Amino acid sequence: MKDGGHFLYQNSIFIFHKKNQSKETRLGISISKKIGKANARNRYKRLIRETFRCSSFKEMSSDLNIVINNKKYKAFSKDTKSFENQMIKDLKNGLKTISLQ
């Protein structure tokens, strides 16, 4: 991802983006074990996949690696719904920014 890739930081997520040779976009999701229990991490992965699936970005040929920011999660640790909303908003803004590059 470092060679020729782009790095984008939103509030609660990091997005690494790089063009690939295939026709499909590949998605990688990294979430630390410090972020909630397994069911919470799986829920965040499902939300990210669904947001990605509904976006137009999946039709570009590129590799994406999305990393959840642990420090932002700690700030929202009492209110997980607001963290989910912030994460989805940041992901949509990030995908929109990358598609304009």
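Residues numbered from 1 in each chain as written. Predicted model: local features only at pLDDT ≥ 70, side-chain atom pairs only at ≥ 80, totals over all residues. Heavy atoms only, no water.

### Structural notes on the environment of Asn69
Of note, Asn69 is situated in the loop between strand S4 (62-68) and helix H2 (70-75). Judged by its relative accessible area of 9%, Asn69 falls in the buried class. Through-space distance from the C-alpha of Asn69 to that of Ser32 is 8.6 Å; in sequence the pair is 37 residues apart. Discounting chain neighbours no more than four positions away, the residues touching Asn69 are Tyr9, Asn11, Ser12, Ile13, Phe14 and Ile35. (Helix = DSSP H or I, 4+ residues; strand = E, 2+ residues; numbered from the N terminus. Buried < 20%, exposed > 50% of the residue type's maximum accessible area, 1.4 Å probe, protein only. Contact = heavy atoms within 4.5 Å.)

### Concerning the environment of Leu8
With respect to the element layout, Leu8 can be found in strand S1 (residues 6-9). Relative accessible area serves as the criterion here: at 16%, Leu8 is assigned to the buried category. Each C-alpha atom, one on Leu8 and one on Leu95, is 9.5 Å from the other, the two residues being 87 residues apart in sequence. Not counting chain neighbours up to four residues away, the residues in contact with Leu8 comprise Ile13, Phe14, Ile15, Gly94, Thr97 and Ile98.

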